[in-house]
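One-letter residues, chain by chain:
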Amino acid sequence: MRLRKETDRTEDMLAEEILLIANVSDALAHPARVELFRFIMQSNKAMIDVCNRDLVASFDYAQATISQHMKKLVESGLVEIKPQGKYTFYYANLGMLSRYLNATRKFAVT
């Protein structure tokens, strides 16, 4: 979907919030991605690093399936990746989650 660019700055912010809601909602639209994101958040809270191998060991999904779901979470900004040596670790981006929740709360009221 294409949104028209408005000249008013308030409308620009509104368009950004709409795109944020659409992108993050799309990333959370699959139950497996919600489970994976929750697992990463809980692990990060416990100060435990999470890599793809940990996700494969904790969930009954093939490695390729987990990788596809993680790609979607990373693209949405909900998960950040940090390569360390031969592993890539996943970290929940709570700032993005907060922005998403604030935007959805704003649209629920209006």
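The shown structure was predicted, so the numbers you read here are calculated from the model rather than taken from an experiment.

**Q** Please set out the side chain of glutamate 17 residue by residue, giving values where relevant.
**A** When you line up the elements, glutamate 17 lands in helix α1 (residues 9-27). By relative accessible area, glutamate 17 is classed as buried at 17%. Of note is the side chain of glutamate 17, whose polar atom sits 3.0 Å from the side chain of lysine 106. Apart from the residues within four sequence positions on either side, glutamate 17 is in contact with Ala103, Lys106 and Phe107.

**Q** Give a description of the nonpolar core that names residues and reports values.
**A** Counting 21 residues, the largest nonpolar core has Phe37, Ile40, Leu55, Met70, Leu73, Leu78 and Val79 as the members making the most contacts within it. Contributions of two or more residues to this core are made by α1, α2 (31-45), α4 (63-76), β3 (87-92) and α5 (94-109).

**Q** Could you give an account of the sheet that holds strand β1 (residues 50-51), naming the residues involved and the relevant values?
**A** Sheet architecture is open: three strands sit in the order β1-β3-β2, paired in antiparallel fashion. Looking along the sheet, the strands with just one partner apiece sit at the ends: β1 and β2 (79-84). Inspection of the sheet shows β1 paired to β3 by two bridges, in the antiparallel sense. Following the sheet pairing, cysteine 51 is matched in β3 by phenylalanine 89. Helix-sheet contacts for α2 involve β1, β2 and β3, and the interaxial angle to β3 is about 90°.

**Q** Describe the pairing of β2, listing the residues and the values that go with them.
**A** Across six bridges, the pairing between β2 and β3 is antiparallel. Bridge pairing in β3 places valine 79 opposite alanine 92. Taken together, β2 and the strand that follows it, β3, pair antiparallel across an intervening segment of two residues, in which glycine 85 is found at a positive phi of about 65°.

**Q** Any chance you could break down α5 for me, citing the residues and the numbers?
**A** The end-to-end C-alpha separation of α5 is 23 Å, in line with the 22 Å expected for 16 residues at 1.5 Å each. Along α5, the residues that are buried comprise Met96, Leu97, Tyr100 and Ala103. Each buried residue of α5 sits inside an arc of 130° when the element is viewed along its axis, so together they form one side. Away from its buried face, by an angle of more than 90 degrees, α5 presents the exposed residues Leu94 and Val109. The residue sitting at the N-terminus of α5 and contributing the capping side-chain oxygen is asparagine 93; that oxygen lies 3.2 Å from the backbone nitrogen of glycine 95.

The rules behind these values
- Sequence order as written defines the numbering, with residues in each chain counted from 1.
- Only residues with pLDDT of at least 70 are given local features in this predicted model, and only at 80 or more are side-chain atom pairs given and counted; all residues enter the totals for whole chains, interfaces and linings.
- Just so you know, side-chain values use all the structure's heavy atoms and leave hydrogens and water out.
- Helix and strand definitions follow DSSP, with helices as H or I runs of at least four residues and strands as E runs of at least two, each counted in order from the N terminus.
- Only protein chains enter the accessibility calculation, which uses a 1.4 Å probe; a residue is then buried when its area is under 20% of its type maximum, exposed when over 50%, and partly exposed in between.
- Polar contacts, as used here, are pairs of N or O atoms within 3.5 Å; protein pairs need one atom able to donate a hydrogen and one able to accept it. Residues neighboring in sequence count only if both atoms are side-chain atoms.
- Two residues form a contact once any of their heavy atoms are found within 4.5 Å.
- Among buried residues, those of type Ala, Val, Leu, Ile, Met, Phe, Trp, Tyr and Cys that are joined through side-chain atoms within 4.5 Å constitute a nonpolar core.
- Here, a strand pair is defined by DSSP locating no fewer than two bridges between the strands.
- Axes, fitted as lines to C-alpha atoms, cover a helix only where it is in contact. Angles between the N-to-C directions of the axes lie from 0 to 180 degrees.
- Take the residue count of a helix, subtract one, and multiply by 1.5 Å to get its expected span.
- The directions considered for the arc run from the helix axis to the C-beta atoms.

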